[in-house]
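Spelled out from the first residue to the last, the chains are:
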Amino acid sequence: MTLSPGSRLGPYEIVAPLGAGGMGEVYRARDPRLGREVAIKVLPASFSKDPDRLRRFEQEARAAGILNHPNITAVYDVGTVGDAPYVVSELLEGETLRSRLAGGALVPGRAIEYALQIAHGLATAHEKGIVHRDLKPENLFITKDGRVKILDFGLAKLTKPDETGPQTNLPTETAGTEPGVVMGTLGYMSPEQVRGKPSDARSDIFSFGSILYEMLSGRRAFHGDSEADTMSAILREEPEELSATNQKISPALDRVVRHSLEKSPELRFQSARDIAYALEETLAGSTTTGVAPPPTRARPLRWPVLVATALATVLAVLFVADIGGSRRRVFGSKPRDIQSLAVLPLENLSRDATQEYLADGMTEALITDLAQIGSLRVISRTSAMRYKGTKKGLPEIARELDVDGVVEGSVLRAGDRIRITAQLIHASTDRHLWARSYERDFKDVLTLQDEVAQAIASQIQARLTSDERARLSRARPVNPEAHEAFLKGRYEWYRWNPENFQKALDYFRQSIAIDPSYAPAYAGLSMAYARLGDRGGAWRPGEAYPKAKSAALRAVELDGDLAEARTALGMSILWNDWDWGAAERELRRGVDLNPGSTTAHLAYSSFLLNMGRNEESLVEINRAQELDPLSVTIRGAKATRFLSARRYDEAIEEARSALELDSTAIQARATLGRAYLQKGMVGPAIAELERTVDLSRRELGAVARLGFAYGVTGRKEKAQALLRELEQRFDRSYVSPPLVALVFLGLGERDRAFEWLEKGYELHDSGIVRLKTQLEFDALRSDPRFADLMRRVGLP
């Protein structure tokens, strides 16, 4: 089927032909529904009569369609017109790696940069059970911005059973290079492919090694005068030393290539992730690459030499230790080796489940105190709490959190007395470095917390500034009942839903009623009000935001150095006053006061996002993620940042990583659906957004996003039904007007959308601030009414 410019293929408008090959014709096309250009590959009608070729085409679409990664070409859609099947993918601008190599070898740094991207893309595919089996320079595309995309999973083999049908194993052919027909390309095949044996991910690793060799040397790793000669070279010969072609290639990089090109799959890298790690080591200039010597090449051990070397090393260590005058053990790590720390959930020794809030609160307090030390990276509460009641060993936990040290311990309250027992453990060796018990009256619990934190900081020899030392030493007595109510409020806050926010609010009020001078309770009260008034919570914004600001101002008045108070004030100014300069000053102050606070970094990142400062927003969210690597909330927020930056593949990847930790993560699932929609993956987008509505128990934002998706994809009756639901709920309680506007926009009713945006402006709804970067409103940005609205809000 030959298509002319201006003709249509399904919903797509053909713009121009891009090329043709044995597997079909490729066209540049336009998707009028989303207003973007795509690439369409059409299988000739004559090919559709060949079941084997048709199966391979379907295999390509099915394999590539489930992959979403910045370094893999995205497949948007598949369909059939008449007898001609077609697949729709993203349109790329740039050149193939083959074209780039026409100018000769690449400099090692650029070759490693490209290789890393290929390795990360392959790792994602392999982890989903998909093997490419035809990796070659022609199937690697370099975009104009330097991103490498893996093309053509037409030869991919699903190595894991999928949910849509039985596993398919296509036969391996070893001759020829006709695209889409051969099962590999001679010169880049692995030895097992050449022999016609089953292949797995390690075959792609061999092909990867061949490509990296060519990038570095400018010549093919295996090439002969005939096909037979090339096959023989793959099976029996080693390529020429890279140092002979380029003296700038380091021995470490050469080892990565050699290890990838081992003839036996068992001796190669066993995963693309391992390759990426080894390449990163070479890029960092490390003397090692993490690559073990292949077993078949191991030389006989010279035991006398090894024993002598080991003995000399031991004697040298003892000699140095004796010179230093230290009688401590020289084996094992010293406390000063600890630069990152995780405080695991303290055990509640009372065995009373109603006292869990106390153990959790003390854990959080210890984390908060230690996080104020700028020279120490402390894992935040959310990630730490995932290990509550865990059976995992400390070395394993430390690896997962990437920390040097672990603090564990217990809390016991008896009447008005409280005791904390803490111990510091070197993570990788599981060696106990320090342990101690502390006991005080409950009214002195803040002093007790600070005392424990100072002791730990002293043991690990953390560098404290004068301000940090002062903050760790300024605790005052606290009313036990007020503090207990505050801890209960924090406990409810972390359960993160409207019902619990309201409970938290009540506990913070109770704490303040008992002790009107307790600053942390005011900061908690402010955050609870703000959350309840945000985008259709239990409170209207005109009621909630002034209360949030008032509480935050009181917290700052009582304790101007309390990071939580500054963060709460910044957020309340953001939503209540729309005073961007003042909001940023307070949020920045919160980060400076406690650089280890994920709440502070997350709040500042949110502000930067709303201001359209996407890259700065990502810097802050990345810092929060370093501190809280297992936080589903932060991963979901990071996915949203990528989405706002129109980096859809990265948004999808981050959202999926959050859902791997928690399949009920509403923000992550909503972002996944929104990203799918922008990429034209309508079916998956609708499925994810519908699932979000169910999981959230019809949360207003979820309903609105689904309504928009229904509207833009032509499901108008369903969109109108959700629109009626939102309008009725607005009359009964409150719905953020921009959410109603969103559904009208999906239905193409711009005037009605602007009516609701004006209503949101009049009500001072927080959703108005988010309009600057919310991608669904891109269609309105050229309208003068939108520019006028942004001017009145004060956003450029």
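Residues numbered from 1 in each chain as written. Predicted model: local features only at pLDDT ≥ 70, side-chain atom pairs only at ≥ 80, totals over all residues. Heavy atoms only, no water.

Trainee: Requested: an account of the overall build of the protein chain, with residues and values cited.
Mentor: Broken down by element type, the protein chain carries 31 helices and 17 strands. Within the protein chain, the fraction of its 796 residues that count as buried is 55%. Partitioning the intrachain contacts of the protein chain with sequence separation of at least 6 by distance along the chain shows that 62% fall at a separation of at least 24. Summed over its atoms, the accessible surface of the protein chain is roughly 34,100 Å², and 50% of this surface lies on carbon and sulfur atoms. (Helix = DSSP H or I, 4+ residues; strand = E, 2+ residues; numbered from the N terminus. Buried < 20%, exposed > 50% of the residue type's maximum accessible area, 1.4 Å probe, protein only. Contact = heavy atoms within 4.5 Å. Areas by Shrake-Rupley, 256 points an atom, 1.4 Å probe, with all protein chains shown as cover.)

Trainee: How would you explain the pairing of strand β17 (residues 431-441) if you had to name every residue and give the values?
Mentor: Two strands pair when backbone bridges link them, and strand β16 (residues 417-426) and β17 are joined in this way by 10 bridges, in the antiparallel orientation. Its bridge partner lying in β17, Ala422 is registered against Arg436. The turn joining β16 and β17, which pair antiparallel and follow one another in sequence, is formed by four residues; a positive phi near 60° is taken by Asp430. (Pairing = 2+ DSSP bridges.)

Trainee: Please give an account of the environment of Ser428 that cites residues and values.
Mentor: Among the secondary structure elements, Ser428 is positioned in the loop between β16 and β17. For Ser428, a relative accessible area of 58% puts it in the exposed group. Counting along the chain gives 33 residues from Ser428 to Pro395, while the straight-line C-alpha distance between them is 5.0 Å.

Trainee: How would you sum up helix α23 (residues 632-644)? Please name residues and give values.
Mentor: Compared with the 18 Å implied by 1.5 Å per residue over 13 residues, the 18 Å span of α23 between its first and last C-alpha is a close match. Burial in α23 covers these residues: Val632, Ile634, Arg635, Gly636, Ala637, Lys638, Ala639, Thr640, Arg641, Phe642, Leu643 and Ser644. Its buried side turned inward, α23 meets α21 (598-610), α22 (614-627), α24 (648-661) and α25 (666-678). Once α23 ends, the next one or two residues include Arg646, with phi positive near 65°. (Expected span 1.5 Å × (residues − 1).)

Trainee: Any chance you could break down the side chain of Arg490 for me, citing the residues and the numbers?
Mentor: One can find Arg490 in helix α15 (residues 480-493). Setting aside its immediate chain neighbours within four residues, Arg490 contacts Glu364 and Phe508.

Trainee: I'd like a rundown of the packing of aromatic side chains, residues and numbers included.
Mentor: Under the counting rule described, the total for this entry stands at eight aromatic pairs. Look at Tyr604 and Phe607: their rings are 6.3 Å apart centre to centre, the planes differ by 15°, and that puts the pair in the stacked class. Within this pair, Tyr604 and its partner Phe607 are both found in helix α21, separated by three residues, close to a single helical turn. Summarising the burial analysis for this pair, Tyr604 and Phe607 share the class buried. Here Phe730 and Trp756 contribute two aromatic rings whose centre-to-centre distance is 5.2 Å and whose plane-to-plane angle is 85°, an arrangement assigned as edge-to-face. Of this pair, Phe730 sits in helix α28 (residues 716-732) while Trp756 sits in helix α30 (residues 750-762); the two residues are 26 residues apart in sequence, bridging distant segments of the chain. In terms of burial, Phe730 and Trp756 fall into one category: buried. Following the ring pairs from residue to residue traces out a cluster consisting of Phe486, Phe508 and Tyr518. (Phe/Tyr/Trp six-rings, centres within 6.5 Å; stacked < 30°, edge-to-face > 60°.)

Trainee: Mind laying out the pairing of strand β4 (residues 36-42), listing which residues take part and the relevant values?
Mentor: Counted residue by residue, β4 has six buried out of seven residues, so it is predominantly covered. By the bridge criterion, seven bridges tie strand β3 (residues 24-31) to β4 in an arrangement that is antiparallel. Bridge pairing in β4 links Ala29 to Val38. The hairpin turn running from β3 into β4, its antiparallel successor, is four residues long, and Gly35 in that turn takes a positive phi close to 65°. Relative to strand β6 (residues 84-90), β4 runs antiparallel, the two sharing five bridges. Across the sheet, the residue bridging to Val42 is Tyr86, located in β6.

Trainee: Can you lay out the sheet that holds strand β9 (residues 140-143) for me, pointing to particular residues and giving the numbers?
Mentor: Neighbouring strands of a sheet are bound in pairs by backbone hydrogen bonds; such pairs are parallel or else antiparallel. Strand order in the open sheet formed by three strands is β7-β9-β10, and the pairing between neighbours is antiparallel. Both outer strands of the open sheet, β7 (94-96) and β10 (148-150), are each paired with one neighbouring strand and no more. On average, each strand axis in the sheet is inclined to that of its neighbour by 25°, with strand direction left out of account. Relative to β9, β7 is paired through three bridges, and the arrangement is antiparallel. Across the sheet, residue Gly94 finds its bridge partner in β9, namely Thr143. (Axes fitted to C-alpha atoms, helices over the stretch in contact; angles between N-to-C directions.)

Trainee: If you had to explain the pattern of salt bridges to someone new, which residues and values would you point to?
Mentor: Per the counting criterion, the structure on display carries 47 salt bridges. Residues Arg554 and Glu557 are paired through a salt bridge, measuring 3.3 Å at the closest nitrogen-oxygen approach. One end of the pair is Arg554 and the other is Glu557, both in helix α18 (residues 541-558) and three residues apart, which spans about a single turn. Judged by relative accessible area, Glu557 falls into the exposed class, the value being 60%. Where Glu725 meets Arg698, a salt bridge forms, and the shortest distance between an N and an O atom there is 2.8 Å. On the criterion of sequence distance, the pair formed by Glu725 in helix α28 and Arg698 in the loop between α26 (682-695) and α27 (700-712) is long-range, its members being 27 residues apart. Classification of Arg698 as partly exposed rests on a relative accessible area of 34%. Three or more residues joined by partner-sharing salt bridges are found here, namely Glu90, Lys149, Asp649 and Lys679. (Salt bridge = Lys/Arg side-chain N within 4 Å of Asp/Glu carboxyl O.)

Trainee: I'd like a rundown of the confidence of the model for the protein chain, residues and numbers included.
Mentor: Residues at a pLDDT of 70 or more form 84% of the protein chain, whose mean pLDDT is 80. Note on residues 158-182: pLDDT is under 50 here. Beyond four places in sequence and across chains, it has 61 contacts. Every residue in residues 286-336 scores below 50 in pLDDT, and together they form 39 contacts with partners more than four places removed in sequence or on other chains. (pLDDT = per-residue confidence, 0-100.)

Trainee: Describe the packing of α25 against α27, naming the residues involved and giving the relevant values.
Mentor: As a packed pair, α25 and α27 sit with axes 11 Å apart at the nearest point and diverge in direction by 15°. On the basis of their axis angle, the class for α25 and α27 is roughly parallel. Crossing of α25 against α27: the hand is left-handed. Of the residues in α27, those in contact with Ala670, Arg674 and Leu677 of α25 are Arg705, Phe708, Ala709 and Val712. Looking at side-chain class alone, the contact of α25 with α27 contains five nonpolar, no polar and two charged residues. (Parallel < 35°, antiparallel > 145°, perpendicular 65-115°, else oblique. Left-handed = near helix turned anticlockwise from the far one by under 90°. Nonpolar A, V, L, I, M, F, W, Y, C, P; charged D, E, K, R; others polar.)

Trainee: Run through unusual backbone geometry, naming residues and quoting values.
Mentor: Non-glycine residue Arg646 carries a positive phi angle of around 65°. For Arg646, the location among the structural elements is in the loop between α23 and α24. Given the relative accessible area of 29%, Arg646 is considered partly exposed. A positive phi is found at His764, a non-glycine position, where the angle reads about 60°.

Trainee: I'd like to hear about α28, residue by residue, with values.
Mentor: In a regular helix each residue adds 1.5 Å, so 17 residues correspond to 24 Å; α28 covers 24 Å between its end C-alpha atoms and thus fits that length. Taken together, the buried positions of α28 are Ala719, Leu722, Leu723, Glu725, Leu726, Arg729 and Phe730. One face of α28 carries all of its buried residues, which in axial projection span an arc of 160°. Across from the buried face of α28, at angles greater than 90 degrees, the exposed residues are Glu717, Asp731 and Arg732. Packed against the buried residues of α28 are α27, α29 (737-746) and α30. (Arc of directions from axis to C-beta.)

Trainee: Describe the side chain of His69, naming the residues involved and giving the relevant values.
Mentor: With respect to the helices, strands and loops of the structure, His69 is situated in the loop between α1 (51-65) and β5 (75-81). Here the side chain of His69 touches Asn71 through a polar contact of 3.0 Å, landing on its backbone nitrogen. Among all residues touching His69, those that are not within four sequence positions of it are His120, Gly121, Thr124, Lys149, Asp649 and Glu653. (Polar contact = N/O pair within 3.5 Å; in protein donor to acceptor, adjacent residues only side chain to side chain.)

Trainee: Lay out the nonpolar core with the relevant residues and their values.
Mentor: Residues Ile40, Leu370, Leu574, Trp580, Phe607, Leu757 and Phe777 are the most contacted members of the largest nonpolar core, which totals 160 residues. Here this core gets 10 residues from one element, more than from any other, and that element is helix α17 (residues 519-532). Residues within four places of Ile40 in sequence aside, it is in contact with Leu9, Tyr12, Ile14, Glu25, Val26, Tyr27, Ala29, Tyr86, Val87 and Val88. Grouped together as the second largest cluster of nonpolar side chains are 51 residues, Leu101, Ile112, Met231 and Leu235 included. (Core = buried A, V, L, I, M, F, W, Y, C linked by side-chain atoms within 4.5 Å.)

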